[in-house]
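Examination of the molecular architecture
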Amino acid sequence: MLNKTSVHGTASSTHVPSQDSWLKKNVLTFDGGGVRGFYSLLFMQRLMQFIASEEKDRGLISLVSREPLGTREKRVTSFSPCCEPRNLSHRDGNEDGYTPFLPCHYFDYIGGTSTGGLIAIMLGRFRMTVEDCIDEYTHLAGDVFGHPRHLHDMNTYGLIKRCKYDTKRFEAVIKDVIVRRVESGRNDLSNALFDTELGLCRVLVIANRIASEGVVTDLRLFRSYEINNHQKPERRPTQLLFPKDPRDEHGGRSGDLSVWQVARATTAAPLYFEPMEILTDGNPRQVRTNSWPKKYDSSPKPYRERLEDGGLGHANNPSKVMYDELTDNLPNNMSIGTFVSIGTARPMEQPTGPRLFRIIKGSISRLGNPEHIHNQMKNIVSKNQSFSYYRLNQPNGLSGIEMDDWDPKPSGKDTMKMMKSTFDAYIGSTEMVRYMQRCAKELVTARRARAEANLPKWERFAVGRHFYCRIPNCPDDEVRREIDEVKFIAHLKDGHNMRDDDIQAALRECEGQWAYRGR
């Protein structure tokens, strides 16, 4: 039976005019839940299938303009009117289930906690198709959860201080994914930074910051982007001088950390993996000096952070954290357009097993109940009809599947089969189909409006278009990666005395784009 309250938020049928399409930011978040992240990916895959169907029904985008990078599209894809790049997928282009439609083309921000953080990194930071993400996710789960240790805290009543899974093995598996999926052009592959370039889909990953005794002190937000505190002038004194929100103080800058460090931090579930420790450069913090009158030293102060799974608390469902992030930091002329939150069909029954295990699992269950946050989001939307909110989840739908159940080991075929059969039975109702189709139509409308409203900006967002000045004896050494076409044309005029046809030829010669690594 369909649970309307848990599945549906409030979805307003907002139509995005072309002139406003870039000012409405679409958002996607993934809950935590261990191996049940596979269930979240099934939701995402189905949503992308509805999107693909809607895109194909509308046909190719026709623009009266110059021929931009990679145009002369051969088929409808989410890159349209640009062509899909080479090596987009590690799958065969003719393989069943392969679709050239990317979530990073429909969402400006992708966020996640724990297993949802891993998914956000793969779909947002590495710009993967959902099918490739499923492949990587299942391989990762098998390599890690398919190899538990025999003696550990959870089956020795705490007598042996040992995590259930080998943390070093987990780190190695994460780095292996990064080496194969990070874009071409990166030098140190396994230590690729978490940051994303301007004009592309952004990623937010959440962990918990803990004290030495294991007490959670606040959230740790990993942003793949910079935030600009000057965007909200009316809040500037609070944000710059006396930040009360721990997210401002411990948010971190986009270039501080490697992808693998962020992935490890958000998934460091107690008893399963060791906490993650990082040394950060710090953010401006208030340090009182001895001078008079009293002054504050706001220079960055290096400090060591101890981090664990962000799912142990209200951020297990990261949608409210993401909502707060955007309402706090988006410029005043921007707002949220469509907001999609995907759950993990979290089991809500009482835990069983040894007493210590029951206590720990019960505490985690209470802290990380995602439905409480879902209800908060519904209330927000009911009071503010300016954006649409969709919640894709089946509470208690995977009853009996714990966060690390992966049977048989190491393949996990039975676990995945159970999740797939549960999902298929749930998703087939007429109401769910219409619900997801409505969401897909909104996202497709917004994407196409963007390409029609500002083609150069779409080329940047879709394929990572940029310019390198490769002209010999260029007088400006600073022009190494310019994303603004107007500025680059000005450089060609002022620095190289080019005009008209010569400029167009130089643009084509100097153009570059995001390069997938391929197999």
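Residues numbered from 1 in each chain as written. Predicted model: local features only at pLDDT ≥ 70, side-chain atom pairs only at ≥ 80, totals over all residues. Heavy atoms only, no water.

As for the overall build of the protein chain
What the protein chain contains, in helices and strands, is 16 helices and twelve strands. In the protein chain, which comprises 519 residues, the proportion classed as buried is 55%. For the protein chain, the proportion of contacts with a sequence separation of at least 24, taken over those separated by at least 6, is 74%. Working note: accessible area of the protein chain is about 23000 Å², and carbon and sulfur atoms make up 50% of it. (Helix = DSSP H or I, 4+ residues; strand = E, 2+ residues; numbered from the N terminus. Buried < 20%, exposed > 50% of the residue type's maximum accessible area, 1.4 Å probe, protein only. Contact = heavy atoms within 4.5 Å. Areas by Shrake-Rupley, 256 points an atom, 1.4 Å probe, with all protein chains shown as cover.)

Brief notes about the pattern of salt bridges
Inspection of every chain in the model, using the stated rule, returns 30 salt bridges. Between Arg 125 and Glu 183 there is a salt bridge, and its shortest N-O distance comes to 3.0 Å. With a gap of 58 residues between them, Arg 125 in helix α3 (residues 115-125) and Glu 183 in the loop between α5 (167-181) and β3 (202-210) connect regions that are remote in the sequence. In this structure, the salt-bridge partner of Lys 164 is Asp 404, at a minimum N-O distance of 2.7 Å. Of this pair, Lys 164 sits in the loop between α4 (130-145) and α5 while Asp 404 is found in the loop between β10 (388-392) and α12 (413-427), placing the two residues 240 residues apart along the sequence. Judged by relative accessible area, Lys 164 falls into the buried class, the value being 18%. Salt bridges linked by common partners bring Asp 132, Glu 136, Asp 176, Arg 180 and Arg 181 together as one network. (Salt bridge = Lys/Arg side-chain N within 4 Å of Asp/Glu carboxyl O.)

A closer look at the pairing of β10
Among the five residues of β10, five are classified as buried, and the element is accordingly described as predominantly covered. Side chains of β10 alternate between two faces, with Ser 388, Tyr 390 and Leu 392 and Tyr 389 and Arg 391 buried alike. Looking at chain direction, strand β9 (residues 335-342) and β10 are connected through five bridges and run parallel. Residue pairing for β10: Val 340 is matched across the bridge by Tyr 390. (Pairing = 2+ DSSP bridges.)

Things to note about the environment of Gly 311
Locating Gly 311 in the fold gives a position in the loop between β8 (303-309) and α9 (319-329). The exposure class assigned to Gly 311 is buried, which follows from its relative accessible area of 7%.

Quick look at the layout of surface pockets
Here the largest pocket defines a volume of roughly 860 Å³. Forming the walls of the largest pocket are 34 residues, and the residues nearest its centre are Leu 198, Gly 199, Leu 200, Arg 202 and Lys 457. Among the elements that line the lining of the largest pocket, the one with the most residues is helix α14 (residues 455-463), at four residues. Its residues assigned to classes, the lining of the largest pocket shows 14 nonpolar, six polar and 14 charged. (1 Å grid on protein atoms, 1.4 Å probe; cavity = no way out; pocket = protein on both sides within 12 Å on 5 of 7 lines; lining within 4 Å. Points joined across faces, edges and corners; volume = space filled by probe spheres on them. Nonpolar A, V, L, I, M, F, W, Y, C, P; charged D, E, K, R; others polar.)

Let's talk about the packing of aromatic side chains
Tallied over the entire structure, the rule returns 18 aromatic pairs. On the basis of an interplanar angle of 85° and a centroid distance of 5.9 Å, the ring pair of Trp 22 and Phe 461 is categorised as edge-to-face. Here the residue Trp 22 occupies a position in the loop between α1 (4-7) and β1 (24-30), and Phe 461 occupies one in helix α14, the gap between them amounting to 439 residues. Note on accessibility: Trp 22 and Phe 461 belong to one class, buried. Ring pairs connect the aromatic residues Phe 145, Tyr 165, Phe 170, Tyr 272 and Phe 273, which therefore count as one cluster. The cationic tip of Arg 127 hangs over the ring face of Trp 514; the distance from NZ or CZ to the ring centre is 5.4 Å. (Phe/Tyr/Trp six-rings, centres within 6.5 Å; stacked < 30°, edge-to-face > 60°. Lys NZ or Arg CZ within 6 Å of the ring centre and 35° of its normal.)

Concerning the packing of α9 against helix α11 (residues 370-383)
In the contact formed by α9 and α11, the axes pass within 9 Å of each other and the chain directions differ by 40°. With respect to α11, the axis of α9 lies oblique. Here Ser 319, Lys 320 and Tyr 323 of α9 come into contact with α11, specifically with Ile 373, Gln 376, Met 377 and Ile 380. Considering only residue class, the contact of α9 with α11 consists of four nonpolar, two polar and one charged. (Axes fitted to C-alpha atoms, helices over the stretch in contact; angles between N-to-C directions. Parallel < 35°, antiparallel > 145°, perpendicular 65-115°, else oblique.)

Some details on the environment of Phe 126
For Phe 126, the location among the structural elements is in the loop between α3 and α4. In the structure, Phe 126 is positioned 52 residues away from Ile 178 in sequence and 8.5 Å away in space, judged by C-alpha atoms. Apart from the residues within four sequence positions on either side, Phe 126 is in contact with Ile 121, Ile 178, Arg 181, Val 182, Val 259, Trp 514 and Tyr 516.

Considering the nonpolar core
Phe 43, Met 44, Leu 47, Phe 222 and Val 340 are the most contacted members of the largest nonpolar core, which totals 98 residues. Ranked by residue count, the leading element in this core is helix α2 (residues 37-58), at eleven residues. Within the second largest apolar cluster, 20 residues are counted, among which are Ile 206, Leu 326, Ile 380 and Tyr 389. (Core = buried A, V, L, I, M, F, W, Y, C linked by side-chain atoms within 4.5 Å.)

Remarks on the confidence of the model for the protein chain
If pLDDT is low for a region, its predicted coordinates should not be looked at in detail. In this model, the protein chain carries a mean pLDDT of 82, and residues with pLDDT of at least 70 account for 76%. Contacts from residues 1-16, a stretch scored under 50 in pLDDT, to residues over four places away or in other chains number 52 contacts. Below a pLDDT of 50 lies the segment residues 284-296, which in the model reaches 25 contacts outside its immediate sequence neighbourhood of four places, other chains included. (pLDDT = per-residue confidence, 0-100.)

Points about the side chain of Asn 393
By secondary structure assignment, the location of Asn 393 is in the loop between β10 and α12. Assessed through its relative accessible area of 2%, Asn 393 is described here as buried. Separated by 3.4 Å, the side chain of Asn 393 and the backbone nitrogen of Thr 344 make a polar contact. (Polar contact = N/O pair within 3.5 Å; in protein donor to acceptor, adjacent residues only side chain to side chain.)

Focus on empty space enclosed by the protein
Gaps between atoms show up when a probe of the same size as a water molecule is rolled over them. Taken as a whole and judged by the stated rule, the model has seven cavities of 30 Å³ or more. The calculated volume of the second largest cavity comes to roughly 130 Å³. Along its surface, the second largest cavity is lined by 13 residues, and Gly 34, Thr 115, Leu 118, Phe 145 and Thr 267 are the ones closest to its centre. Within the residue set of the lining of the second largest cavity, elements represented by two or more residues are α3 and α4. Ranked by residue count, the leading element in the lining of the second largest cavity is α4, at four residues. A per-class count over the lining of the second largest cavity returns eight nonpolar, four polar and one charged.

Some words on the packing of helix α13 (residues 430-453) against α14
Contact geometry of α13 with α14 gives a least axis separation of 6 Å together with a crossing angle of 130°. The angle between the axes of α13 and α14 places the two elements in the oblique class. Judged by residue contacts, Arg 447, Arg 450, Ala 451 and Ala 453 of α13 engage Leu 455, Trp 458 and Phe 461 from α14. Of the residues belonging to the contact of α13 with α14, the class tally is five nonpolar, no polar and two charged.

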